[in-house]
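# Structural description and commentary
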Amino acid sequence: MDVLLTVVVPVYAVEGYLYQCLESLRAGLTAEENALVEVIAVDDASPDACGAMLDGYAARHGDLRVLHLPGNVGLGPARNAGLAEARGAYVWFVDSDDWLPSGSVRAVLERLRETEPDVLLVDHLRVHENGRLQTDASSPLLAGPVDLARLLGVQHTAWNRVMRREFLAEHELRFPAGWYEDVPFSNPVLIAAERLDVLNRVCYHYRVGRFGAITATRSDRHFEAFEQWDRLHAWLAAAGVAPALRVRMFSLMISHLLVVAGNESRVHPSRRRAYFRRIAALYRRHRPAGYLPPAGTPGLKHRLVAANSYTMYAALRTGYRVAGLRRRPTERTPAVSPEVPAPPRAVQSASLR
């Protein structure tokens, strides 16, 4: 039986989470479904016991392929290494500190056979360190008819999209090195897809706030986001992407970088001014014709970037943080019941070209 789905799991310094991830990948599958799935774990020269854990798991279960890299290459190249070994018609990148809720792989297999898309988007839940499950702010964009401009607003990660392997090869889509490697990969994946489908069902649990995670680490490496967005804009120009989509991507870029700039867990306060200046430079470099800032507070922030006015941005940010602290005792972030993470919902799929 041909392999339908390859799950690639890059592994680095996650020994406390690794078994949960691996166990979730085949949980509840029938023998026939198991035969349709292969799992490739890429040991990115992990400094802890992950390499030995992977070998032991493969020896006990016999349904895991382990690739040991001779040196640490980072998340993007590690994913590429797993992709190069994949045999499945489709590939799904799953991070080794996350896991799949029960029934996810079965639901994905069924949808892939039903619609045969180039790319299948799936929903996810954010999982906090205290176990609380939370719907992502971009998840509502998955509802309704397939619309590329809207779906570009879904969180741009590798793990919420399942991709036809030959489609990736045809368009030479691979991950670059460095942090924020998802930016110049996940967006072109959607734009280049002729058949884009949505499975509006929670199929992924994304762990947030984990110690050691990139999104919870203060570092100047967050400045690497600018190079990744430059890469994306070079791809947009070379691919001749429609002006309306370039405007959409530009707006999403500025919003994303402002989130990073304002995140205490990523950019040190002493480096925030420099980060803001880099956003302003990127704004001037890539601003497309016909671009108008969004409405409301987000639009105000975009205008401050356009004016390179860090002083006003800092004052606005401080004001909103103070207001947020005052509301915090009486407001709680809506949570999702762990007993019912998300029911499947009917959606439409369509060819985008």
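Residues numbered from 1 in each chain as written. Predicted model: local features only at pLDDT ≥ 70, side-chain atom pairs only at ≥ 80, totals over all residues. Heavy atoms only, no water.

The name that an unreviewed UniProt entry assigns to the chain is Glycosyltransferase, with the source organism given as Actinoplanes flavus.

### Observations concerning the pattern of salt bridges
Here is the rule we go by: Salt bridge criterion: a side-chain nitrogen from Lys or Arg within 4 Å of a carboxyl oxygen from Asp or Glu. Numbering of helices and strands runs from the N terminus, with a helix taken as a DSSP run of H or I at least four residues long and a strand as a DSSP run of E at least two residues long. For every residue, the accessible area (1.4 Å probe, protein chains only) is compared with the maximum for its type, and the residue is labelled buried under 20%, exposed over 50%, or partly exposed between those bounds.
Evaluated as defined, the whole model comprises 19 salt bridges. Residue Glu264 is joined to Arg218 by a salt bridge in which the shortest nitrogen-to-oxygen separation is 3.3 Å. Taken together, the residues span a long stretch of sequence, with Glu264 in the loop between α10 (243-261) and α11 (272-286) and Arg218 in the loop between β8 (195-207) and α9 (224-239) at a distance of 46 residues. The class for Arg218 is partly exposed, based on a relative accessible area of 43%. Each of Glu38, Arg65, Glu85 and Arg87 takes part in a single network of salt bridges with overlapping partners.

### Remarks on the packing of aromatic side chains
Defined as follows: Stacked, edge-to-face and tilted labels apply to pairs of Phe, Tyr and Trp rings (six-membered ring for Trp) whose centres lie within 6.5 Å, assigned for plane angles under 30 degrees, over 60, and everything in between, in that order. A positively charged side chain is recorded as over a ring if its NZ (Lys) or CZ (Arg) lies within 6 Å of the ring centre. The angle to the ring normal must also be within 35 degrees.
Overall, the coordinates contain 15 aromatic pairs when judged by the stated rule. Measuring from centroid to centroid gives 4.4 Å for Trp159 and Tyr204, while their planes differ by 5 degrees, and the two rings are stacked. Of this pair, Trp159 sits in the loop between α6 (148-151) and β7 (161-164) while Tyr204 sits in strand β8; the two residues are 45 residues apart in sequence, bridging distant segments of the chain. Of the two residues, Trp159 and Tyr204, neither departs from the other in class, the shared state being buried. Taken together, a centroid distance of 5.6 Å and an interplanar angle of 65 degrees make the contact between Phe276 and Tyr310 edge-to-face. A residue pair is termed long-range when its members are at least 10 positions apart, and Phe276 in helix α11 and Tyr310 in helix α13 (residues 310-327) qualify at 34 residues. Classification of Tyr310 as buried rests on a relative accessible area of 11%. Taken together, the ring pairs in this structure connect Phe93, Phe175 and Phe185 into an aromatic cluster. Here Arg79 stacks its cationic end above the ring of Phe175, 4.9 Å away from the centre of that ring.

### What about the environment of Asp63?
By the element assignment, Asp63 lies in the loop between α3 (50-61) and β3 (65-68). When the C-alpha positions of Asp63 and Val39 are compared, they lie 7.2 Å apart, and in sequence the two are 24 residues distant.

### Some points on α3
Because the α-helix completes a turn every 3.6 residues, residues three or four places apart line up on one side. What counts, and what does not: One fewer than the residue count of a helix, multiplied by 1.5 Å, yields its expected span. When checking whether two residues touch, look at their non-hydrogen atoms; a contact exists if any pair is within 4.5 Å.
Across its 12 residues, α3 extends 16 Å between first and last C-alpha, which sits within 8% of the 16 Å expected from 1.5 Å per residue. Where α3 is buried, its residues contact β1 (5-11), α1 (18-25), β2 (37-43) and β3. Remark: Gly62 follows α3 within two positions and exhibits a positive phi of approximately 70 degrees.

### What about the nonpolar core?
To keep it simple, the criterion reads: For this analysis, a nonpolar core means a set of buried residues of the types Ala, Val, Leu, Ile, Met, Phe, Trp, Tyr and Cys, connected via side-chain atoms within 4.5 Å.
Core analysis: the biggest nonpolar cluster contains 65 residues, and Phe93, Leu168, Leu257, Tyr275 and Ile279 have the highest contact counts within it. For this core, the element with the highest residue contribution is α10, accounting for 10 residues. If we skip the residues at most four places from it in the chain, Tyr275 touches His222, Phe223, Ala225, Phe226, Leu257, Val260, Ala261 and Val267.

### What to know about the packing of α10 against helix α12 (residues 296-306)
The axes of two packed helices give the description: the angle between them and the distance between them. To be explicit about the condition: Fitted lines through C-alpha atoms serve as axes, helices being fitted only where they are in contact, and the angles separating the N-to-C directions of these axes extend from 0 to 180 degrees. Roughly parallel means an angle under 35 degrees; roughly antiparallel, over 145; roughly perpendicular, 65 to 115; everything else is oblique. Gly falls in the polar group here, along with every residue not listed as nonpolar (Ala, Val, Leu, Ile, Met, Phe, Trp, Tyr, Cys, Pro) or charged (Asp, Glu, Lys, Arg).
Where α10 meets α12, the closest approach of the two axes is 10 Å, and the angle between their N-to-C directions is 90 degrees. Between α10 and α12, the angle is such that the two are roughly perpendicular. Across the interface between the two elements, Ser251, Ile254, Ser255 and Leu258 from α10 touch Lys301, His302 and Val305 from α12. Its residues placed into classes, the contact of α10 with α12 shows three nonpolar, three polar and one charged.

### A few points about unusual backbone geometry
Even without glycine at this site, Ala45 takes up a positive phi of about 50 degrees. Its place among the elements puts Ala45 in the loop between β2 and α3. Phi is positive for Glu172, close to 50 degrees, though the residue is something other than glycine. If you trace the backbone, Glu172 turns up in the loop between α7 (165-170) and α8 (183-192).

### Focus: helix α5 (residues 104-115)
With 12 residues, α5 ought to run about 16 Å at 1.5 Å a step, and its terminal C-alpha atoms sit 17 Å apart, in line with that. Every buried residue belonging to α5 is among Ser104, Val105, Ala107, Val108, Leu109, Arg111, Leu112 and Thr115, and all of these are buried. Positive backbone phi, at 45 degrees, marks Glu116, one or two positions downstream of α5.

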